[in-house]
Amino acid sequence: MTAEKTVEEVAGGGSPGASDLETAGSLINENALLRKLDIRLLPAVGILYLLSFLDRSNVGNARIEGLLEDIDITANQYLTGLTLYFIGYVLFEIPCNIILKRTTPRLWLPTLTIVWGIVATLMGIVQNLSGFFASRFFLGVVWFIYFLLLYPFYPLPLDRAESGLFPGVVFYFSMWYRRRERQYRISLFFSAASLAGAFGGILAYGIGRMGGIVWANGWRWIFILEGILTVVVAAGAYAFIHNYPDTSKFLTDDERKFIHQRLAADSDATHDEKFTWAAVAEALKDPNCWLYGLGFHTMSLPLYTLSLFLPTIISNLGYSAATAQLLTVPPYAFAFVTTLAVAALSERLRQRAIFIGASALFAAIGYAILLSNTAPASRPGVSYAGVFFAAGGIYPATALVLSWPAVNVSGQTKRAVANAMQISVGNLGAVLGTQLYRADDGPRFVVGHALALAYLVANGAVVAVLGVRLRNENRRREGVADEIRNVGEVADWRGDADPRWRYEY
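Rules of the game
Residues numbered from 1 in each chain as written. Predicted model: local features only at pLDDT ≥ 70, side-chain atom pairs only at ≥ 80, totals over all residues. Heavy atoms only, no water. pLDDT = per-residue confidence, 0-100. Helix = DSSP H or I, 4+ residues; strand = E, 2+ residues; numbered from the N terminus. Contact = heavy atoms within 4.5 Å. Phe/Tyr/Trp six-rings, centres within 6.5 Å; stacked < 30°, edge-to-face > 60°. Buried < 20%, exposed > 50% of the residue type's maximum accessible area, 1.4 Å probe, protein only.

Some remarks on the confidence of the model for the protein
For the protein, per-residue confidence averages 83 on the pLDDT scale, and residues scoring 70 or more make up 84% of the total. Within the protein, the element-level pLDDT minimum falls on helix 1 (residues 7-11), averaging 36, and the maximum on helix 16 (residues 353-372), averaging 97. Low pLDDT, under 50, characterises residues 1-21; the stretch is placed with 38 contacts to residues that sit more than four places away or in other chains. Note on residues 142-164: pLDDT is under 50 here. Beyond four places in sequence and across chains, it has 68 contacts.

And the structure:
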């Protein structure tokens, strides 16, 4: 391993890291190694996220299969239950990623998903309003209780059941891939969310037909069977989730050395950084970190309202519950394609803000179509077309905005906190969104569609401001110092505050 150097030594040139990289590169095929990493890492974490998102959004499928009537709750009480879920999301994101550095992904990610799956399964046996509220609430806080009971004996991450999965994986990727390789991988990972929507519609259609087996309606089986699937797959994940390059057994010694040198060339991932509260404070004081959060905040409301209420929106167009479940599949499939396509273009052109803003405006067209259709039950095709625009823009914009701090924030602790800040600030939008689609607003849902439209337009403004801010900062720094190379060799690296660091915008 190359010895670390101080800032002054690296600034003076003569880095041996480049020659070492060339030597390792002569033995390792870089493209083949990247494919190997992708095959080993992406499917594993992608499946876990797909299952967690499926369990998160299947309450919308359960609603149109008789959930409200069977447990005797009103539509507004149902919305309150959705809101309770996000309370834990907002409260425990930042503590989760702070503690992440005290455990390992192989232990942390599957365990989070197992606990999540157990609680999601138990939602299938709720009998009344209290049970529904409790299940939604504990879906957010059960992991915190688990931590309080077990942490003195075994240091697991302070978190709620699912909140830490996405920011944790973003941080995880930063320890494997170079800066300019992360965005596309994060987008691939996030595309599991749109696949979850597609699979969720198909599964809900089939499982919903189990009505009459034990219970009159099939919504209970949606929670039970999908939750059990999550637990089973997550239990197997202990075998196929890998930690970090230094300890992963599927790599050779030469491959480990080469990965270390690749990361050292443009990021801090090879530093043995210790946790400090000063790094946490630095993230909290950085305006860019708050703008990343605001960028996701303006996407989270349309993202979660679409995933939670799409079955309701479609069923209000005059379709039966079974038909509505199936009709949710094509928009999500379209979103999966647009997410991958936009991420690939953004990565190739190295442009972030323009693709986020353009995708958000594409989704805004969808909500404009939904709002303009004054008779959705008479012209369901018009509204259904609007749903395609909405889904096709929301998912790629969200994927890109979530990957932005992983590319731009330097300093491992600061990056972990920035990722968690982004999710926490962002999901305040989701909290608001859970109250927008009220039963007496259908079938047009003017309030919900109008707020989603406004948020998407606001997202375009936020990413424009952030993009200009980052571009101007890069130009200012170009007059101060050249862009740094081999960041991993700098022992006293200051993170993205260093004038030689360059932002992606």
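A short note on the packing of aromatic side chains
Each aromatic ring pair is specified by the distance between its two centres and by the angle formed by the two planes. Tallying each qualifying case throughout the model produces 20 aromatic pairs. Between the aromatic rings of Tyr78 and Phe132, the centroid separation amounts to 6.0 Å while the plane-to-plane angle is 15 degrees, which identifies the pairing as stacked. Within this pair, whereas Tyr78 is found in helix 5 (residues 75-100), its partner Phe132 is found in helix 7 (residues 129-150), the two being separated by 54 residues in sequence. The burial state of Tyr78 is the same as that of Phe132; both residues are buried. Ring centres 6.0 Å apart and planes at 80 degrees place the aromatic pair Tyr332 and Tyr395 in the edge-to-face group. Of the two residues, Tyr332 is situated in helix 15 (residues 329-349) and Tyr395 in helix 17 (residues 380-408); the sequence distance between them amounts to 63 residues. Residue Tyr395 is classed as buried on the basis of its relative accessible area of 0%. Put simply, the rings of Tyr49, Phe53, Phe173, Tyr177, Phe189, Phe190, Tyr304, Tyr332 and Tyr395 touch in pairs and so form one group of aromatic residues.

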